[in-house]
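Chain by chain, the residues run as shown.
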Amino acid sequence: MKDNFEDFLKKEISKSNIQIPDNGFSDQVITNLPRRKMVLAGREIIITISSIISALVFVLIKGFNPFLTGLINLFNSLIHLKIPNYEFVIVLLVFCLISLLIPYVELRKRIF
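Residues numbered from 1 in each chain as written. Predicted model: local features only at pLDDT ≥ 70, side-chain atom pairs only at ≥ 80, totals over all residues. Heavy atoms only, no water.

**As for the overall build of the chain**
- Along its length, the chain carries 5 helices and 0 strands.
- Tracing the chain from N to C terminus, the helices and strands come up as α-α-α-α-α.
- By residue count, 7% of the 112 residues in the chain fall in the buried class.
- Total accessible area on the chain is roughly 10,700 Å²; 70% of this is exposed by carbon and sulfur atoms. (Helix = DSSP H or I, 4+ residues; strand = E, 2+ residues; numbered from the N terminus. Buried < 20%, exposed > 50% of the residue type's maximum accessible area, 1.4 Å probe, protein only. Areas by Shrake-Rupley, 256 points an atom, 1.4 Å probe, with all protein chains shown as cover.)

Here it is in structure tokens:
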């Protein structure tokens, strides 16, 4: 039984090894494909520049100290079971959401 099955497999595999000549068909298909748009490179440049400007503005207006103080207060309020500062929590959630959505949108545009 095993010999018959192995013979059958060998015959099927040998049938699938047939090479079909291309005759330049794939080259014609590739040349007729639409060209890639350079929109993605523009988006990446805009996101990079805006991230750098945002970081510079954040440092120049001394936003690191209030941000760090807000994080410390948030952790202290969570540890001591107090009500946290809602404004800081909302800003932190919006910042995290935007930070996650930008790569998600860019990835979807590349895939689709």
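Moving on from the model shown.
**What to know about the side chain of Ser 77**
- Relative to the elements of secondary structure, Ser 77 occurs in helix 4 (residues 64-79).
- Here Ser 77 is in contact with Lys 82, Ile 83 and Pro 84, once residues within four sequence places are set aside. (Contact = heavy atoms within 4.5 Å.)

**Observations regarding the packing of aromatic side chains**
- Taken as a whole, this structure holds 1 aromatic pair when the rule is applied.
- For the pair Phe 67 and Phe 88, a centre-to-centre distance of 6.0 Å together with 55 degrees between the ring planes defines the contact as tilted. With Phe 67 in helix 4 and Phe 88 in helix 5 (residues 86-111), the pair connects residues that are 21 residues apart, well separated along the chain.
- Owing to a relative accessible area of 27%, Phe 67 belongs among the partly exposed residues under this scheme.
- Given a relative accessible area of 14%, Phe 88 falls into the buried group. (Phe/Tyr/Trp six-rings, centres within 6.5 Å; stacked < 30°, edge-to-face > 60°.)

**Let's talk about the confidence of the model for the chain**
- Of all residues in the chain, 85% attain a pLDDT of 70 or more, and the chain-wide mean is 78.
- Taken element by element, the chain is modelled with least confidence in helix 3 (residues 39-60), mean pLDDT 76, and with most confidence in helix 4, mean pLDDT 87. (pLDDT = per-residue confidence, 0-100.)

**Describing helix 4**
- Its 16 residues give helix 4 an end-to-end C-alpha distance of 22 Å, which sits within 8% of 22 Å, the value for a rise of 1.5 Å per residue.
- Listed in full, the buried residues belonging to helix 4 are Gly 70, Leu 74 and Ser 77. Take helix 4 and look down its axis: the buried residues cluster within an arc of 70 degrees, on one side only. In helix 4, the exposed positions that point more than 90 degrees away from the buried face belong to Phe 64, Asn 65, Phe 75 and Ile 79.
- Remark: Leu 81 follows helix 4 within two positions and exhibits a positive phi of approximately 55 degrees. (Expected span 1.5 Å × (residues − 1). Arc of directions from axis to C-beta.)

**Quick look at unusual backbone geometry**
- Positive phi outside glycine occurs at Leu 81, with the angle close to 55 degrees.
- Along the chain, the position of Leu 81 falls in the loop between helix 4 and helix 5.

**What to know about the environment of Thr 31**
- Along the chain, Thr 31 turns up in helix 2 (residues 25-32).
- Overall, Thr 31 belongs to the exposed group, its relative accessible area being 52%.
- Polar contacts involving the side chain of Thr 31 include one to the main-chain carbonyl oxygen of Gln 28, which spans 2.8 Å. (Polar contact = N/O pair within 3.5 Å; in protein donor to acceptor, adjacent residues only side chain to side chain.)

**Overview of a nonpolar patch on the surface**
- Taken together, the side chains of Ile 45, Ile 49, Ile 52, Ile 53, Leu 56, Val 57, Leu 60 and Ile 61 define a hydrophobic patch exposed on the protein surface, amounting to about 820 Å² of accessible area.
- Along the polypeptide, Ile 53 turns up in helix 3. (Patch = residues over 30% accessible without salt bridge, like charges linked within 9 Å, V, L, I, M, F, W, Y side chains within 5 Å. Salt bridge = Lys/Arg side-chain N within 4 Å of Asp/Glu carboxyl O.)

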